[in-house]
Number of protein chains: 4
Amino acid sequence: MTRAAIIGAPGYAGVELTRLLLGHPSFEITLATSNAQAGRAVTDMYPSLGGLTSLVYTEPNLEHIAQMADVAFLAVPHTAALEIAPQLLLAGLTVIDASADYRLKDPEVYERWYQVAHSSDELLERAVYGLPELDRSTLPGAQLVACPGCYPTATLLAAAPAFEAELVAGSRAFVDAKSGVSGAGKTPSASTHYPTVNEAIQPYKVGTHRHTPEIEQGLSIAAGHPVSVVFVPHLVPMSRGLLATVYLDLIEPMSSDEAVELYRERYANEPFLTVHPAGRMPSTAEVRGTNRAHIGVTVDRTGVLVAACVIDNLVKGTAGQALQCANIVYGYEETAGLLIPAPVV
Amino acid sequence: MTRAAIIGAPGYAGVELTRLLLGHPSFEITLATSNAQAGRAVTDMYPSLGGLTSLVYTEPNLEHIAQMADVAFLAVPHTAALEIAPQLLLAGLTVIDASADYRLKDPEVYERWYQVAHSSDELLERAVYGLPELDRSTLPGAQLVACPGCYPTATLLAAAPAFEAELVAGSRAFVDAKSGVSGAGKTPSASTHYPTVNEAIQPYKVGTHRHTPEIEQGLSIAAGHPVSVVFVPHLVPMSRGLLATVYLDLIEPMSSDEAVELYRERYANEPFLTVHPAGRMPSTAEVRGTNRAHIGVTVDRTGVLVAACVIDNLVKGTAGQALQCANIVYGYEETAGLLIPAPVV
Amino acid sequence: MTRAAIIGAPGYAGVELTRLLLGHPSFEITLATSNAQAGRAVTDMYPSLGGLTSLVYTEPNLEHIAQMADVAFLAVPHTAALEIAPQLLLAGLTVIDASADYRLKDPEVYERWYQVAHSSDELLERAVYGLPELDRSTLPGAQLVACPGCYPTATLLAAAPAFEAELVAGSRAFVDAKSGVSGAGKTPSASTHYPTVNEAIQPYKVGTHRHTPEIEQGLSIAAGHPVSVVFVPHLVPMSRGLLATVYLDLIEPMSSDEAVELYRERYANEPFLTVHPAGRMPSTAEVRGTNRAHIGVTVDRTGVLVAACVIDNLVKGTAGQALQCANIVYGYEETAGLLIPAPVV
Amino acid sequence: MTRAAIIGAPGYAGVELTRLLLGHPSFEITLATSNAQAGRAVTDMYPSLGGLTSLVYTEPNLEHIAQMADVAFLAVPHTAALEIAPQLLLAGLTVIDASADYRLKDPEVYERWYQVAHSSDELLERAVYGLPELDRSTLPGAQLVACPGCYPTATLLAAAPAFEAELVAGSRAFVDAKSGVSGAGKTPSASTHYPTVNEAIQPYKVGTHRHTPEIEQGLSIAAGHPVSVVFVPHLVPMSRGLLATVYLDLIEPMSSDEAVELYRERYANEPFLTVHPAGRMPSTAEVRGTNRAHIGVTVDRTGVLVAACVIDNLVKGTAGQALQCANIVYGYEETAGLLIPAPVV
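Residues numbered from 1 in each chain as written. Chains lettered and ligands numbered in written order. Predicted model: local features only at pLDDT ≥ 70, side-chain atom pairs only at ≥ 80, totals over all residues. Heavy atoms only, no water.

**Some remarks on the relation of the copies chain B and chain A**
Inference 1: The transformation that overlays chain B on chain A combines an axial shift of 0.0 Å with a rotation of 180 degrees, and the residual RMSD is 0.0 Å. Between the two chains, the operation in question is that of a two-fold axis.
Inference 2: Looking at chain B, 100% of its interface residues are interface residues in chain A too, so the copies touch through the same face. (Least-squares fit on C-alpha atoms with pLDDT ≥ 70 in both. Contact = heavy atoms within 4.5 Å.)

If you want it as structure tokens, here you go:
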């Protein structure tokens, strides 16, 4: 068994990692760290894991982690990974980072969007961006994996095939994205207060959301040239789920069936992806609790390709994808621990 | 008091008309018709109106309506108005039609999108499209008002100022719209079943929604030349509320502040509209239960104008707008009966 | 016009008072105070009130309040009213207190449940408990009105008629109550975080909720002898609405129809109350946004009377009731400003 | 592998059985029957099961089922099992019935509550009531298992320990129960229409719900004498989850800690049960998607024992419990296939 530590374990990303790793055949959680919850049993905080684990949160301590674990999953806020990841790597651990700190290849872009200097940019070249469906070739044996953000995951899966196939006119994508509230994390705030969120939908951070450069980086790779995005995220009254609706101008007209066919070929061997038949659009409910991404593709009357991708923001958007990457890093079956049939309602 | 009949009164549009007219100083409901609910007290079906009315639903009967009412509000499904409206007009009534039947000026477009011939197209010229904020000049004294659909209302309010001011490059708008479930009406279906809708967001009718030609008609008038839209509606897990997020390419760069200023000038005298300061985007919660439309405008890094408009789909999107039009038709204060302070949570 | 000050205006109770008073024919809001929001326009914080008011929140200042207002509505946390109310009364104002501070007649009971000494217990005798449907006789001209809590309002309306009619065996009531999240106020917390509350129902403060002694006080008055309650509140995933399901042992068997009849007679002249026919139970949706209370009564197979009462916790449970009391105090029509037809969906 | 057929597979109970059996080490689904969906792939109807199964719904046919399966899970409406179960048993299959048809031992009680005669009452004696935590002794090798209803499951788990320990004064329980909407099944209706259910809580079928006699039967067995219940179910705006709040008069006073201790001893060896420490009440969110039941117990000021039990109505309340019973019938590990870690948000 590969020994895994979860750093920042009681947050939503951390507890999703916990539940997924608990069911994994080859990873074993040996540490779940937390400053605030140290000493508390995981099942006391999350009773739904009752009967599955006797883990107790412990204070994070580098030596202890290095002693107890082969791989560390980082479920920490951005900037926290800047500090921890280098130390863990130095101590010989593999690092699967669910934070934003090693996603952007250009440290200046990081600094511009996160308003803080990148203090370990020497690692950026070693960091492998972990979206297996777009490129899994560099993941086996990787020491530092930067797991994509939730919005970039859905957006890239929806838009990359069209850019890769050089179908897109110009170098631009419109991305209208919608996320459930768990994407904002576990800490209460005015904007996640139940009576504020309930029965309300609202755009936020228009043109300024930090996932923007990550989406542009991914689409530029797919296109082979710089791509810019108009990115508008929205907060939706639901706990989980993320939908990216992407609008792309086509160079040449094509039918919806042709577009579907192209996407199906692109993702033919992907165990977690479904491309719906023309005319069927996916609901976030279809992927709730799973590591799946479902895509609907339509070319409308005006010749614009509309691609919609749904994921569970905490699974394929965070913890599930981290585990999928870890599986590839370690040469395990890519789907190991990720084929949990989820409640359909 | 002007005597009002509500035709198709027990549906969501009808009951919203009922509650608004009950508080109106100059309209008096004399008839609320329904085939299915005839004989039933309005307050038996809708106990929240308890103490406000002793109305009983009655079967619709042309003679009776003509005898009892000066104005008829039609809250009927499309095609039903094709039949009723001409008769009511012939009988001398003013008709405020909340259905889709007289919105499209071109009967062929109607036929193409509604898959039925327009059987009273001779009325189309007389019909006045009732979106007062864009054009209220032809409403006073109108005999037949075609009230806009909910999606067109929000979209046109969001996009028209930019087209009118000739800021938009090309002749196209991307409209990513989101609606609460009441927009689908009161009749239960698989797609409005609680466990299906709850915790789920999904695009639907991509490129085929019947509000598409109505949006194009309105934007073409605003632009002074044909405009086409890419229109993708989504179903959101909430009862009420509608958000249209509109993306427009600009001919020349402008700042968000300049865009806000332009919108504020355009809507300076509108009693129901608020244009938020730059950087603030509206939530549907802000307009719930009201006849208001709130707009946020941003020009993003890439020079695209993003305009978001929220309305209550059953008020400004249906019943409130119908009443606002009726106020203008009859020369009443435009806000009469429409300044009900709504619960903020 | 009677000049009204709202103390603690930006909270949920305060803004509900604001919206209701804005539509009132005889009260005029002259002051809306807030420490945190002083200087901010009410419509900036609550855009849904756009076009209805130009009020700006101001810091609370006794002299200023005394100068500007005839009546003060207190929408402050408990213990805050202990300090303010005596001063306002001394300054000659009428005080309508929506807090808990003057509801309990026995200061020792207050101290036991609120863990703080009652510092102005000399006012308790003057304070009139403001649940008009049970007793409105002492309200006209009252100087200090203690408005009931939300749970006591629904519970007393459901249970008092049976106790008054001496139908109840023993001296006990089981009260299983369910509240929407706005009852917890506007301040975010872990227990009101959207992903925590959504898709979850949970009992809380079993046997220890502070509304318990208030319910017992009210039922004891109704019964003419001490009554104890088993009170279990639950948090329900909705923004508004409160349901009290009350279980009462009957001394002698009676039919559901007889029970309904008794309740209907008891509440025959109440403008805000509806007693449903036997077999029909009320939904909180029926009263949302209104000052109404709807009651369903059933005697089950075992001879137990089940009475369910629904209210909107922020209207009849707080702000609406405060205004209803103020209307009676000032001799205005009891329903003035409270017959706003609310959205039915 | 034991070959399993799911009869009535596309409904909520059926698809939950499907997803749970798909992950089971010893059961293999060989048939999933449906009249309405025959010919359709399971993953076409439920895309979230994508990648997990290639099952196609087939028309139910006795011979085919007998040939293909060792055990049949019935996820059919009541009365349908009356017909199918005898035939399947005759054909040599084991029957795990999730319907109501074999739960009540007395066919007259069945007839009274279900308004239909029990046409195979000769089987009632052979039928084993499948609530393992109360009695698993007769399950091993059983040929016909009657799985409890969702309300009885939560209620019996909450109340049985107190009755078994002879703590309860009299012979009565008050049961105030709350269920999510999936309990009403997959067929849309006016009462499950999203805008009706959302933001609303309502009691229904007060004193007349068909689970009443089943609860009484179970509590009478636990008590050793006839027990009657006052049972009031409520519909809650959530998709899943069920809470039973039970009120019991105690013969002698005891502390909450003592009550907790008693419950903990009673359920000491139960893999799916957690009894919370005194003062902590369970939320339905804790058990969502799991086969767990969490219980909170408090003795309040008045000496009444309040026991609250939460389950997922579709898992421990239906499909999970059926599988737990099947595990015991076949001598598999009782938890086999039921330790799926569920999403915590």
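**Brief notes about the interface of chain B and chain A**
Inference 1: Contact residues are listed per partner, giving 45 residues for chain B and 45 residues for chain A.
Inference 2: Taken together, the two surfaces of chain B and chain A that pack against each other cover about 3700 Å², and 60% of this comes from carbon and sulfur.
Inference 3: Of all residues in chain B, B:Glu199, B:Ile201 and B:Arg301 give up the largest surface area on contact with chain A, accounting jointly for 19% of the area buried on that side.
Inference 4: Taken together, the connections running from chain B to chain A amount to six salt bridges.
Inference 5: Remark: the boundary between chain B and chain A carries 22 residue pairs in polar contact (both at pLDDT 80 or more). (Buried area = accessible area lost by both parts, 1.4 Å probe. Salt bridge = Lys/Arg side-chain N within 4 Å of Asp/Glu carboxyl O. Polar contact = N/O pair within 3.5 Å; in protein donor to acceptor, adjacent residues only side chain to side chain.)

**Details of helix α6 (residues 150-164) of chain D**
Residue and element names in this part refer to chain D.
Inference 1: A rise of 1.5 Å per residue sets the reference length of α6, with its 15 residues, at 21 Å; its end C-alpha atoms lie 21 Å apart and thus fit the reference within 8%.
Inference 2: Largest kink in α6: about 35 degrees, centred on Leu 156.
Inference 3: Buried residues dominate α6, accounting for 14 of its 15 residues.
Inference 4: After α6 finishes, the residue Glu 166 shows a positive phi value of roughly 55 degrees. (Helix = DSSP H or I, 4+ residues; strand = E, 2+ residues; numbered from the N terminus. Expected span 1.5 Å × (residues − 1). Bend = angle between axes of the 7 residues up to and from the residue. Buried < 20%, exposed > 50% of the residue type's maximum accessible area, 1.4 Å probe, protein only.)

**Some details on the relation of the copies chain C and chain A**
Inference 1: Of the transformation placing chain C onto chain A, the axial shift is 0.0 Å and the rotation is 180 degrees, giving an RMSD of 0.0 Å.
Inference 2: Interface overlap between copies is the fraction of interface residues in one copy that are interface residues in the other; for chain C against chain A it reaches 100%, indicating a shared surface.

**Section: the sheet that holds strand β3 (residues 71-74) of chain B**
Residues and elements named next belong to chain B.
Inference 1: Read from one edge to the other, the open sheet built from six strands follows the order β2-β1-β3-β4-β6-β5, with strand pairing classed as parallel. Every other strand in the sheet has two partners, leaving β2 (27-33) and β5 (128-129) as the edge strands with one partner each.
Inference 2: Bridge count for β3 against strand β4 (residues 94-97) is four bridges, and the pairing is parallel. The residue bridging Phe 73 from the neighbouring strand is Ile 96, located in β4. (Pairing = 2+ DSSP bridges.)

**Things to note about the sheet that holds strand β8 (residues 202-203) of chain B**
Residue and element names in this part refer to chain B.
Inference 1: Here seven strands make up an open sheet; going across it, the order is β8-β9-β7-β10-β13-β12-β11 and the pairing mixed. Each of the sheet's edge strands pairs with one partner strand only, and the pair in question is β8 and β11 (273-275).
Inference 2: As paired elements, strand β7 (residues 172-179) and strand β9 (residues 228-235) share eight bridges and run parallel to each other. The partner of Arg 172 across the bridge, within β9, is Ser 228.
Inference 3: Sheet strands in contact with helix α8 (residues 212-223) are β7 and β9, and its direction is about 135 degrees off that of β9. (Axes fitted to C-alpha atoms, helices over the stretch in contact; angles between N-to-C directions.)

**A look at the pattern of salt bridges**
One side chain can pair with another of opposite charge once the charged atoms of both are near each other.
Inference 1: Across all of its chains, the model carries 60 salt bridges over all chains by this definition.
Inference 2: Close ionic contact of B:Asp44 with C:Arg280 constitutes a salt bridge, the shortest N to O distance being 3.1 Å. Remark: C:Arg280 occurs in the loop between β11 (273-275) and β12 (293-299) and B:Asp44 occurs in helix α2 (residues 42-45); the pair is interchain, linking two chains.
Inference 3: A salt bridge links D:Arg266 to D:Glu164; the nearest nitrogen and oxygen atoms lie 2.5 Å apart. Remark: D:Glu164 occurs in helix α6 and D:Arg266 occurs in helix α9 (residues 256-266); sequence separation between them is 102 residues.
Inference 4: In this structure D:Arg266 comes out as partly exposed when scored by relative accessible area, which is 24%.
Inference 5: For D:Glu164, a relative accessible area of 33% translates into the label partly exposed.
Inference 6: Each of A:Glu16, A:Arg19, A:Arg240 and A:Asp312 takes part in one network of salt bridges that share partners.

**Looking at a negative patch on the surface**
Inference 1: A cluster of acidic residues, A:Asp257, A:Glu258, A:Glu261 and A:Glu265, forms a negative patch on the protein surface.
Inference 2: Along the chain, A:Glu258 falls in helix α9 (residues 256-266). (Patch = residues over 30% accessible without salt bridge, like charges linked within 9 Å, V, L, I, M, F, W, Y side chains within 5 Å. Areas by Shrake-Rupley, 256 points an atom, 1.4 Å probe, with all protein chains shown as cover. Lys, Arg positive; Asp, Glu negative; His and termini not counted. Charge placed at Lys NZ, Arg CZ, Asp CG, Glu CD.)

**Considerations on the side chain of C:Ser239**
Inference 1: Structurally, C:Ser239 can be placed in the loop between β9 (228-235) and β10 (242-249).
Inference 2: Relative accessible area serves as the criterion here: at 3%, C:Ser239 is assigned to the buried category.
Inference 3: Residues in contact with C:Ser239, not counting those within four places in the same chain, are A:Tyr194, A:Pro195, A:Asn198, B:Val345, C:Gly180, C:Val181, C:Ser182 and D:Glu199.

**Remarks on the packing of aromatic side chains**
Inference 1: Counted by the stated rule, this structure contains 33 aromatic pairs over all chains.
Inference 2: Taken together, a centroid distance of 5.2 Å and an interplanar angle of 75 degrees make the contact between A:Tyr151 and A:Phe231 edge-to-face. One end of the pair, A:Tyr151, is in helix α6 (residues 150-164); the other, A:Phe231, is in strand β9 (residues 228-235), with 80 residues separating them in the sequence.
Inference 3: The exposure class of A:Phe231 is buried, given its relative accessible area of 1%.
Inference 4: Plain terms: the ring middles of B:Tyr194 and D:Tyr194 are 5.1 Å apart, the flat faces sit at 10 degrees to each other, and that makes the pair stacked. Placement of the pair is B:Tyr194 in helix α7 (residues 194-197) and D:Tyr194 in helix α7 (residues 194-197), with the two residues belonging to separate chains.
Inference 5: Overall, the relative accessible area of 2% leaves B:Tyr194 in the buried class. (Phe/Tyr/Trp six-rings, centres within 6.5 Å; stacked < 30°, edge-to-face > 60°.)

Without other data, these values stay purely geometric and don't point to any function.
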